[in-house]
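# Per-entry structural report
Here is how the chains run, residue by residue.
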Amino acid sequence: MRVAVLGATGLVGKEMIATLEARCFPVDDFRPLSSPRSAGTKVRFDGRDWEVQAVSPEGFDGVDVAIFSAGGDASRKWAPVAAERGAVVVDNSSAWRMDPQVPLVVPEINKKAVEDRPKGIIANPNCSTIHGVMALYPLHKEAGLSRMIVTTLQSVSGSGWKALVELEDESRMVLDGNVEGANERASVYPHRIAFGAVPQVGSFDDQGYTDEEWKMVNESRKIMGAPELKVDCTCTRVPVMRGHSLSITAQFERKISPSEARAILADAPGVVLKDDPSSSIYPLATDAAGTDPVYVGRIRESLSLENGLDLWVASDNIRKGAALNAVQIAELLA
Ligand code: 11C
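The structure reproduced in this document is the subject of the present report. All figures in this text were calculated on a predicted structure; none of them were measured in a lab.

Conventions adopted
Residues numbered from 1 in each chain as written. Predicted model: local features only at pLDDT ≥ 70, side-chain atom pairs only at ≥ 80, totals over all residues. Heavy atoms only, no water. Helix = DSSP H or I, 4+ residues; strand = E, 2+ residues; numbered from the N terminus. Rg over C-alpha atoms; globule rule 2.2 N^0.38 Å. Contact = heavy atoms within 4.5 Å. Areas by Shrake-Rupley, 256 points an atom, 1.4 Å probe, with all protein chains shown as cover. Lys, Arg positive; Asp, Glu negative; His and termini not counted. Charge placed at Lys NZ, Arg CZ, Asp CG, Glu CD. Buried < 20%, exposed > 50% of the residue type's maximum accessible area, 1.4 Å probe, protein only. Pairing = 2+ DSSP bridges.

From N to C terminus, the chain includes ten helices and 14 strands. Rg of the C-alpha trace for the chain: 20 Å, near the compact-globule value of 20 Å for 334 residues, within the 12% margin. The C-alpha extent of the chain, read off along each of the three principal axes, is 60 × 55 × 40 Å. Considering only contacts within the chain whose residues lie at least 6 apart along the sequence, 67% involve residues at least 24 apart. For the chain, the accessible surface area stands at approximately 14500 Å², while carbon and sulfur atoms represent 49% of it. In the chain, 36 side chains carry a positive charge and 45 a negative one; their mean positions are 2 Å apart.

This is the structure in structure tokens:
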């Protein structure tokens, strides 16, 4: 396969390149692309350094699969150009996800959807959505998911390199007693994130929900083929470098016991069950960081909802939440 990666110098782009290499993706020709600003920098792939080229229409000539992680504006501009030149685009931005002519794919759930791609674009879902549906879909197949109530605790790596540096800088300042300076250092986020929790991921609409929360609502319905699914979601940002966590209350059409749910999830592809609370074994973002699976635990019967279960989920937002899922989609094409 001739492979282009647009956004090759970003946090997710670099992980995509590392994932292509780690999974021995069959690459005959490799083209790392970026905005003109980052062009000329080098990325490492297959044992050598490659110079990143500025994105251009010609850069997609002869490319079989173009994996994009360069933000919504770049995707809106360049995905049709790449598709026009014959590439299949796997896009990690939110630009195309809800387009009815663009499949939104988590391979463990709806891999057949990649076959119907009239625009030549396949969308990679939002990270926290991927983690949620990976945990819930195996249960949905067995018991019919009717409602999900989700609170996310999202790490700063979801906002890229700058946010990692911001958390580190602010943490140092607070530990040095300079709380005022740390508050003033906030720039990626509207408030200091170090030693705090911010109930805002993305921007608010008139209803008081953020775009990140709407992604959980709409993308979950589309991926699981469940347009009637009831969803409530609150997305929060926490001072974790890498790995998103989700607290989920799920309601089903039929009763599903915690032990049945554990048995189903123990067999689910891409999911690892970590559920022995008496020994303090449950999913931790810090354990999930740098690994592929979606970890599920704290499975217990809901105290308030009929046929309900409570769960805790953690997974690496840069791996399964972004780069790994995108490369798995590319593997379906290969
Ligand atoms: C975050 N989920 O954690 C976001 C990052 O729509 O792909 C990814 C945004 C997206 O901040």
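This part is about the pairing of strand β14 (residues 308–315). Regular strands place their side chains on alternate faces of the sheet. The buried count for β14 comes to seven of eight residues, which makes it a mostly enclosed element. Alignment of strand β11 (residues 244–252) against β14, held across eight bridges, turns out to be antiparallel. Counted as the bridge partner of Thr249 is Asp310 from β14. Here strand β13 (residues 294–301) pairs with β14 via six bridges, running antiparallel. If you follow Arg300 over to β14, its bridge partner there is Asp310.

None of the figures reported here should be taken as evidence of function without further support.
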